[in-house]
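For reference, the chains in residue letters:
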Amino acid sequence: MSPRWDRLLVDATLATFAGTAPYGRIDHGAMALHQGRIAWIGPQEALSAPPETLAMHVDNLGGALVTPGLIDCHTHLVFGGNRAHEFDLRLNGASYEEIARAGGGIVSTVKATREASEDELFAQSLPRARALLADGVTTLEIKSGYGLELETERRMLRVARRLGETLGASVRTSFLGLHALPPEYRDDRDAYVAQVCDAMLPALAAEGLVDAVDAFCETIGFTPAETRRLFERATQLGLPVKLHAEQLSDLDGAALVASFHGLSADHLEHLGEHGIRAMAETGTVAVLLPGAYYALRETKLPPIVSLREHGVPMAVATDCNPGTSPLLSLRLAAGMACTLFRLTPEEALRGVTVHAARALGLADRGTLEVGQRADLAVWNLREPAELCYWIGGSHALRQLFLGGEPHPLMA
Ligand code: NIG
Ligand code: FE
């Protein structure tokens with residue numbers, strides 16, 4: 001009789017993020033992978049027969065930790081150039097807002113991105129995506145928003161899709177046309193918002209390039225009324241919405257995105273009670289971005305205690321972008337969420353697995369459970385908290401599985 005399963009992992013420390021145990025932990029665990037999914041999981045002693053008789057391949061992990069593949073649910077990973085000179089300016093006292101108002105910031109990356117061909121953008125972005133994978137990521141979100149005109153927004157989203165295909169990872173795209181006002185529309189905001197809502201979004205959605213719709217609702221971004229107009233159009237097109245909200249001020253963006261049953265509200269340093277209640281009611285995920293908090297030397301903390309008390313699911317992401325968070329390690333983002341935001345390591349790790357999946361509207365990943373995609377990270381570590389504890393280094397990840405197949409990491 002041929003074995004039942006493609007692969008069986010044995011002697012694993014499983015952090016399943018399912019069930020009620022801390023981390024959903026199963027010591028001396030076994031997990032079967034079959035046809036890209038998890039087919040069986042439990043204590044090894046509960047296997048019905050010797051492992052070799054049950055699967056084509058048996059991997060003895062010698063106690064190594066296994067988690068779901070990590071999920072980075074907020075990145076701006078595709079962009080041209082970099083903004084290291086702004087880092088210097090900020091260290092010398094200029095604020096993010098001042099730099100943006102003086103024509104730097106997002107608009108300076110827009111210039112570099114518009115000037116880059118599709119192949120150049122791909123070549124610049126690929127090492128960044130590889131770095132995330134090398135640190136345990138198997139699913140990542142990538143936003144547009146550095147084109148601010150149809151051709152370049154399309155180019156960014158196509159590069160995002162191509163990165164997923166090239167690396168064999170799952171990429172979810174978000175259209176972020178309302179990221180900044182492009183210079184050519186400086187005197188006509190309405191015309192730009194109309195262009196985004198009525199021309200760019202429908203065209204890119206029709207090309208299958210948009211999985212969700214995002215905006216930057218902020219004093220230096222777009223107003224709640226402009227954001228609402230975009231969300232109404234997204235809803236008409238059947239696309240889910242999410243929002244950069246309450247990063248620098250409280251414009252009540254979190255309540256706005258919640259009123260559209262949005263996937264997530266992201267940043268949230270200036271979030272108030274009203275927004276928290278609205279998010280709790282609709283189950284909108286709070287995406288915490290400690291990399292931006294750190295790089296901007298922000299001092300106002302997101303209201304973690306209240307989010308926790310109201311049962312709002314909290315995700316953690318890198319926000320990888322050239323301006324406010326040039327961060328290429330989701331593990332470090334999780335560590336920063338503990339050190340800077342006072343999440344527990346378990347909360348931070350749920351934030352890069354199960355809650356991150358929810359922030360992307362994905363129900364088939366983020367936990368180790370029967371029927372879930374077999375996207376896994378195997379670590380040279382024993383304790384789940386070590387994932388947040390080590391700072392830097394490339395020693396942590398042993399192996400990634402994508403859809404049940406071992407991934408040739410750096411190929
Ligand atoms: O998430 N806040 C707006 N968007 C990005 C920053 C993008 C940039 O500065 O290039 C963020 O922090
Ligand atoms: Fe962002």
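Bear in mind the structure is a predicted one, so any value in this text is a computation, not a measurement.

So, on to the overall build of the protein chain. The secondary structure content of the protein chain amounts to 15 helices and 16 strands. The globule rule puts the C-alpha radius of gyration for 411 residues at 22 Å, and the 21 Å found for the protein chain is close to it. Principal-axis analysis of the C-alpha atoms places the extent of the protein chain at approximately 70 × 45 × 45 Å. Burial analysis of the protein chain (411 residues in total) assigns 58% to the buried set.

Take the sheet that holds strand S12 (residues 285–288) next. Spatial ordering of the open sheet is given by S10-S11-S12-S13, a layout of four strands whose pairing is parallel. At either margin of the open sheet sits one strand with a lone partner, and together these are strand S10 (242–245) and strand S13 (314–316). In this sheet, neighbouring strand axes are inclined to one another by 25 degrees on average, regardless of whether the strands run parallel or antiparallel. In this sheet, S12 lies alongside strand S11 (residues 264–267) in parallel orientation, the contact comprising three bridges. Each residue of the ladder has a partner; that of Ser-264, found in S12, is Val-285.

Attention now goes to the nonpolar core. By size, the foremost hydrophobic cluster in this structure holds 97 residues, and its most contacted members are Leu-140, Leu-163, Leu-230, Leu-343 and Trp-379. Here this core takes seven residues from helix H6 (residues 189–206), the largest share from any one element. Aside from chain neighbours lying at most four places away, what touches Leu-163 is Leu-77, Val-78, Phe-122, Ser-125, Leu-126, Ala-129 and Ile-142. Within the second largest apolar cluster, 15 residues are counted, among which are Met-31, Ile-38, Leu-61 and Leu-368.

With that out of the way, let us pick up the coordination of the iron ion (ligand 2). Surrounding the iron ion (ligand 2) are the protein donor atoms His-74 (NE2), His-76 (NE2), His-244 (NE2) and Asp-319 (OD), at 2.1 to 2.5 Å. When the donor residues of the iron ion (ligand 2) are listed from N- to C-terminus, their spacing reads H-x1-H-x167-H-x74-D. Taken as a pair, His-76 in the loop between strand S6 (70–72) and helix H1 (84–91) and Asp-319 in the loop between S13 and helix H12 (330–339) lie far apart in primary sequence, 243 residues in all. Judged by its relative accessible area of 1%, Asp-319 falls in the buried class.

On inspection of all chains with the given rule, the structure shows 25 salt bridges. The residue Glu-115 makes a salt bridge to Lys-111 at a minimum N-O spacing of 3.2 Å. Linking Glu-115 with Lys-111, this pair stays in helix H3 (residues 106–115), spanning four residues, or about one helical turn. By relative accessible area, which is 53% here, Lys-111 ends up exposed. One salt bridge in this structure joins Lys-143 and Asp-214, with 2.7 Å as the shortest N-O distance.

For the rest of this paragraph, the subject is the layout of surface pockets. Space left empty within the atom packing is revealed by a probe, the size of a water molecule, rolled over the atoms. Space inside the largest pocket adds up to approximately 480 Å³. In terms of lining residues, the largest pocket is bounded by 22 residues, among which Ala-100, Arg-101, Val-107, Leu-181 and Ile-220 are the most central. Contributing elements (two or more residues each) for the lining of the largest pocket: helix H2 (96–101) and H3. Here the lining of the largest pocket gets three residues from one element, more than from any other, and that element is H2. A breakdown of the residues in the lining of the largest pocket according to their chemical character gives 11 nonpolar, seven polar and four charged. Taken as a whole, the second largest pocket encloses approximately 360 Å³ of empty space. Every residue lining the second largest pocket is counted, 21 residues in all, and those nearest its centre are Phe-87, Ala-295, Gly-323, Ser-325 and Pro-326.

Turning our attention to the site of ligand 1. As a matter of local geometry, ligand 1 sits amid 15 residues, with Arg-83, Tyr-96, Tyr-146, His-267 and Thr-324 nearest to it. Contact distances for ligand 1 include 3.3 Å between an oxygen atom and a side-chain N or O atom of His-76. A distance of 2.8 Å separates an oxygen atom of ligand 1 from a polar side-chain atom of Arg-83. Expressed as a share of its isolated accessible area of 330 Å², the protein-covered part of ligand 1 is 100%.

Once that is clear, we can look at the side chain of Thr-139. With respect to the helices and strands, Thr-139 occurs in strand S7 (residues 137–143). The class for Thr-139 is buried, based on a relative accessible area of 0%. Sequence-distant contacts of Thr-139, that is, excluding residues within four places in its chain, are made with Leu-70, Ile-71, Asp-72, Ser-170, Leu-360, Leu-362, Arg-365 and Asp-375.

Reading across the sheet, the four strands line up as S6-S7-S8-S9 and stay open at both edges, with parallel pairing between neighbours. This sheet does not close on itself; its edge strands, each paired only once, are S6 and strand S9 (212–215). In this sheet, adjacent strand axes meet at a mean angle of 20 degrees when their direction is disregarded. By the bridge criterion, five bridges tie S7 to strand S8 (residues 170–178) in an arrangement that is parallel. Within the sheet, the bridge partner assigned to Ile-142 lies in S8 and is Thr-173.

Evaluation of the coordinates by the stated rule reveals two cavities of 30 Å³ or more. For the largest cavity, the lining is made up of 14 residues, of which His-76, Tyr-96, His-179, Asn-321 and Thr-324 are closest to its centre. Taken together, the residues of the lining of the largest cavity break down into four nonpolar, eight polar and two charged. Quantified by volume, the second largest cavity comes out at close to 30 Å³. Taken together, Asp-6, Arg-7, Leu-33, Gln-35, Gly-36, Gly-403, Gly-404 and Glu-405 form the lining of the second largest cavity. Looking at the lining of the second largest cavity residue by residue, the classes come out as one nonpolar, four polar and three charged.

What counts and how
Residues numbered from 1 in each chain as written. Chains lettered and ligands numbered in written order. Predicted model: local features only at pLDDT ≥ 70, side-chain atom pairs only at ≥ 80, totals over all residues. Heavy atoms only, no water. Helix = DSSP H or I, 4+ residues; strand = E, 2+ residues; numbered from the N terminus. Rg over C-alpha atoms; globule rule 2.2 N^0.38 Å. Buried < 20%, exposed > 50% of the residue type's maximum accessible area, 1.4 Å probe, protein only. Pairing = 2+ DSSP bridges. Axes fitted to C-alpha atoms, helices over the stretch in contact; angles between N-to-C directions. Core = buried A, V, L, I, M, F, W, Y, C linked by side-chain atoms within 4.5 Å. Contact = heavy atoms within 4.5 Å. Donors = N, O, S within 2.8 Å, 3.2 Å for Na, K, Ca; no water. Salt bridge = Lys/Arg side-chain N within 4 Å of Asp/Glu carboxyl O. 1 Å grid on protein atoms, 1.4 Å probe; cavity = no way out; pocket = protein on both sides within 12 Å on 5 of 7 lines; lining within 4 Å. Points joined across faces, edges and corners; volume = space filled by probe spheres on them. Nonpolar A, V, L, I, M, F, W, Y, C, P; charged D, E, K, R; others polar. Near = heavy atom within 4 Å. Polar contact = N/O pair within 3.5 Å; in protein donor to acceptor, adjacent residues only side chain to side chain. Areas by Shrake-Rupley, 256 points an atom, 1.4 Å probe, with all protein chains shown as cover.

From the geometry alone we can't say anything about function, so treat these as descriptive.
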